[in-house]
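Secondary and tertiary structure notes
Chain by chain, the residues:
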Amino acid sequence: MAQVPAVPKLTRARHLLRASLLGKTDPTPEMAESERAALALRATQMSMRAAGQVTFLLPLVGPAHVSDWAAVAARLTATLERFIEQDDPNWTATICCQETPDIPDDPRISVIPFTDRAPGNDKWRKLRVLNEALPDLAPHPGYVMSFDADDLLRQGAVQEMLTRQAAGGYLAQSGYVMDAATGDIALADRRAPDAPMRKPFWKLCGSCCALYHDPNTPQSTRFLTEMTQHEHRMFPYLARLAGLALTPLSRPSVLYMLNHGENFGARRGRVGYKTRFVKKYRIDDPDDLNTIRRDFGLPSQN
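This write-up is about the structure you can find in this document. What you see is a predicted model; the values in this text were computed from it and never measured.

Thoughts on unusual backbone geometry
Within the chain, glutamine 45 stands out as a residue other than glycine whose phi angle is a positive 50 degrees. Residue class for glutamine 45 comes out exposed when judged on its relative accessible area of 69%. Despite not being glycine, glutamine 165 has its phi angle at roughly 55 degrees, a positive value. Classification of glutamine 165 as partly exposed rests on a relative accessible area of 25%.

Rendered as structure tokens:
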């Protein structure tokens, strides 16, 4: 099962207009399954109950698809350690993979074995398995966030989500991109007059959207399942179509690491422009860099 193609932008605009201004929640014949699921959720007019936890879903590449399994395992451990270090303990993380490496021993971390032997990229199939398991993984209202197993969460992110209680969920409008080959770090954020080519973080990284989920609404599980079959640049559109207003996190809360040797995007030839992005918007202030490294658990640089 391959990644589902993005819906053309003009079609998205038409569907949003139909749903938001005309109040239409019945699907049209050409709509993607994700759009149908979004409208079905919108039709429920789901009201928000207090969100009590953040559920992270991590599809992990299998050892047969990488050249350095030990390095993949080390990056996964770093990702999980950033969860463990959160000052708000109300989170869970579930990994889906053919083979699970040694991971930190924490009752909030669980594993779903992936047994599908079909050839090809299996990230999207793993995401489907993870989301379909939400009735068991998230039995109470909360936020659900698909998270790549080599990204890092900033200290305080879980606390912010559960304290602010955003009705629809959160979007990482800003975030950091690190070139592991050079150690350079850049800020991704919305465009500014002095940085017309800067991109928002959610256009660069899949660990960018934490959506409100109520397990008592089956349409919510279906929507999350179908939404994550698309690239992350579709997430804000689909959330809007579902009637979920996304609130930007108050500060850059995710660090995306590229050029570490096993990036998914590298297999599709899509890392080059991100490398150029980091070079162009590299942060040089040593105090800023030390703060970023501290908050993401990275070693300081002299």
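Comments concerning the nonpolar core
A general trend in soluble globular proteins is that nonpolar side chains are found buried together. Phe56, Leu58, Phe83, Tyr143, Phe201 and Phe223 are the most contacted members of the largest nonpolar core, which totals 79 residues. If near-sequence neighbours (up to four positions away) are discounted, phenylalanine 83 is found in contact with Phe56, Leu58, Trp91, Ala93, Phe147 and Leu153. Within the second largest apolar cluster, 11 residues are counted, among which are Leu152, Tyr176, Ile283 and Phe296.

Structural notes on the packing of helix H1 (residues 9-20) against helix H2 (residues 33-44)
Put simply, H1 and H2 touch, their axes get as near as 12 Å, and they point 15 degrees apart. Between H1 and H2, the angle falls in the class roughly parallel. Helix-helix and strand crossings are classified by hand; for H1 and H2 the assignment is right-handed. The residues of H2 that touch H1, namely those facing His15, Arg18, Ala19 and Ser20, are Glu35, Leu39 and Arg42.

As for the environment of proline 218
With respect to the helices, strands and loops of the structure, proline 218 is situated in helix H7 (residues 218-227). Spatially, the C-alpha atoms of proline 218 and proline 135 are 8.6 Å apart, while their sequence positions differ by 83 residues.

Some remarks on the sheet that holds strand E8 (residues 185-188)
One key point about sheets: their strands pair by backbone hydrogen bonds, in either a parallel or an antiparallel sense. Pairing within the open sheet is mixed, and its 4 strands lie in the order E5-E11-E7-E8. Looking along the sheet, the strands with just one partner apiece sit at the ends: strand E5 (152-153) and E8. Pairing analysis gives 2 bridges linking E5 to strand E11 (residues 254-258), with the strands arranged antiparallel. Looking across to E11, one finds that leucine 152 is bridged to leucine 255.

Details of a nonpolar patch on the surface
Judged by side-chain polarity, Leu17, Leu21 and Leu22 come together as a nonpolar surface patch covering roughly 350 Å² of accessible area. Residue position: leucine 21 is located in the loop between H1 and H2. Accessibility expressed as a relative area gives 65% for leucine 21, which makes it exposed.

Regarding helix H6 (residues 157-164)
Within H6, burial applies to Ala157, Val158, Glu160, Met161 and Leu162. At its buried positions, H6 is contacted by strand E1 (53-59), strand E2 (91-97), strand E4 (142-146), E5, strand E6 (169-171) and strand E9 (209-213). Remark: glutamine 165 follows H6 within two positions and exhibits a positive phi of approximately 55 degrees.

Brief notes about the packing of H2 against H7
Across the interface, H2 lies against H7 with an axial gap of 8 Å and an inter-helix angle of 155 degrees. Judged by the inter-axis angle, H2 sits roughly antiparallel to H7. Between H2 and H7 the crossing geometry is left-handed. Two secondary-structure elements touch here, H2 through Glu33, Ser34, Arg36, Ala37, Ala38, Ala40, Leu41 and Thr44 and H7 through Gln219, Ser220, Arg222, Phe223, Glu226 and Met227. Split into classes, the residues belonging to the contact of H2 with H7 amount to 6 nonpolar, 4 polar and 4 charged.

Observations concerning helix H3 (residues 69-84)
An ideal rise of 1.5 Å per residue puts 22 Å on 16 residues; H3 measures up with 22 Å between its terminal C-alpha atoms. Those residues of H3 that fall on the buried side of the exposure criterion are Trp69, Ala71, Val72, Ala73, Arg75, Leu76, Thr77, Thr79, Leu80, Arg82 and Phe83.

Some points on the pattern of salt bridges
Tallied over the full model, the rule gives 18 salt bridges. Across the pair arginine 49 and aspartate 214 runs a salt bridge whose closest N-O atoms are separated by 3.0 Å. You can see arginine 49 sitting in the loop between H2 and E1 and its partner aspartate 214 sitting in the loop between E9 and H7, a full 165 residues away along the chain. Where arginine 154 meets aspartate 295, a salt bridge forms, and the shortest distance between an N and an O atom there is 2.9 Å. A residue pair is termed long-range when its members are at least 10 positions apart, and arginine 154 in the loop between E5 and H6 and aspartate 295 in helix H10 (residues 286-295) qualify at 141 residues. Here arginine 154 and aspartate 295 have matching classes, each one buried.

How each quantity is defined
Residues numbered from 1 in each chain as written. Predicted model: local features only at pLDDT ≥ 70, side-chain atom pairs only at ≥ 80, totals over all residues. Heavy atoms only, no water. Buried < 20%, exposed > 50% of the residue type's maximum accessible area, 1.4 Å probe, protein only. Core = buried A, V, L, I, M, F, W, Y, C linked by side-chain atoms within 4.5 Å. Contact = heavy atoms within 4.5 Å. Axes fitted to C-alpha atoms, helices over the stretch in contact; angles between N-to-C directions. Helix = DSSP H or I, 4+ residues; strand = E, 2+ residues; numbered from the N terminus. Parallel < 35°, antiparallel > 145°, perpendicular 65-115°, else oblique. Left-handed = near helix turned anticlockwise from the far one by under 90°. Pairing = 2+ DSSP bridges. Patch = residues over 30% accessible without salt bridge, like charges linked within 9 Å, V, L, I, M, F, W, Y side chains within 5 Å. Areas by Shrake-Rupley, 256 points an atom, 1.4 Å probe, with all protein chains shown as cover. Salt bridge = Lys/Arg side-chain N within 4 Å of Asp/Glu carboxyl O. Nonpolar A, V, L, I, M, F, W, Y, C, P; charged D, E, K, R; others polar. Expected span 1.5 Å × (residues − 1).

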